[in-house]
Amino acid sequence: MRLITTAALIFYWFISVVIFRHFSEVRDASRWFLHAKAYKARVMALPLSANGEFRHVEWEGWGFAGAGDTVVYLVADPSDSLMTPAETHLIGKFGGIPCPVYRIHHLESHWYTVAFYTDTDWGHCE
């Protein structure tokens with residue numbers, strides 16, 4: 001019985017460490033798994049941009065007074081041009097996005113989350 005209890009504690013500890021170290025990825029994957037259909041419908045209902053920007057909606061945001069707000073967008077990229085920056089963890093400015101970004105995360109084919117720098121949003125680049 002002691003062996004089973006010890007193994008269970010080690011297993012739970014290991015899972016907790018993995019989730020803690022990769023919290024953002026785990027949260028995004030879970031959220032996408034549960035709500036992808038609704039998010040896709042919201043994004044695809046938007047009109048195409050005349051200036052070539054990707055369709056997008058706000059995925060999440062955080063911040064507080066005096067420190068500024070950080071916004072993450074869900075982006076539909078029909079050509080998967082964001083795949084390389086997502087895989088190689090590149091930062092900077094990319095086609096279809098008006099502002100420099102510090103993180104791109106690939107959810108599935110043609111779908112990405114794009115994190116903007118603090119106090120920057122889709123319509124207001126510094």
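Predicted, not measured: the structure shown is a model, and the values here were computed from it.

Student: So what exactly am I meant to see when it comes to the pattern of salt bridges here?
Tutor: Side chains that differ in charge, positive against negative, can pair when their charged atoms come close. Evaluation of the coordinates by the stated rule reveals three salt bridges. In this structure, Glu60 engages Arg27 in a salt bridge whose closest nitrogen and oxygen atoms are separated by 2.8 Å. Of this pair, Glu60 sits in strand β1 (residues 55-64) while Arg27 sits in helix α2 (residues 23-44); the two residues are 33 residues apart in sequence, bridging distant segments of the chain. As a salt-bridge pair, Glu108 and Lys40 come within 2.7 Å of each other at their nearest N and O atoms. Note that Glu108 is positioned in strand β3 (residues 101-108) and Lys40 in helix α2, a separation of 68 residues in sequence. Look at Glu108 and you get partly exposed, because its relative accessible area is 29%. Here Lys40 falls in the partly exposed class, since its relative accessible area comes to 25%.

Analysis parameters
- Residues numbered from 1 in each chain as written.
- Predicted model: local features only at pLDDT ≥ 70, side-chain atom pairs only at ≥ 80, totals over all residues.
- Heavy atoms only, no water.
- Salt bridge = Lys/Arg side-chain N within 4 Å of Asp/Glu carboxyl O.
- Helix = DSSP H or I, 4+ residues; strand = E, 2+ residues; numbered from the N terminus.
- Buried < 20%, exposed > 50% of the residue type's maximum accessible area, 1.4 Å probe, protein only.

Everything listed here is a matter of geometry and, on its own, says nothing about what the molecule does.
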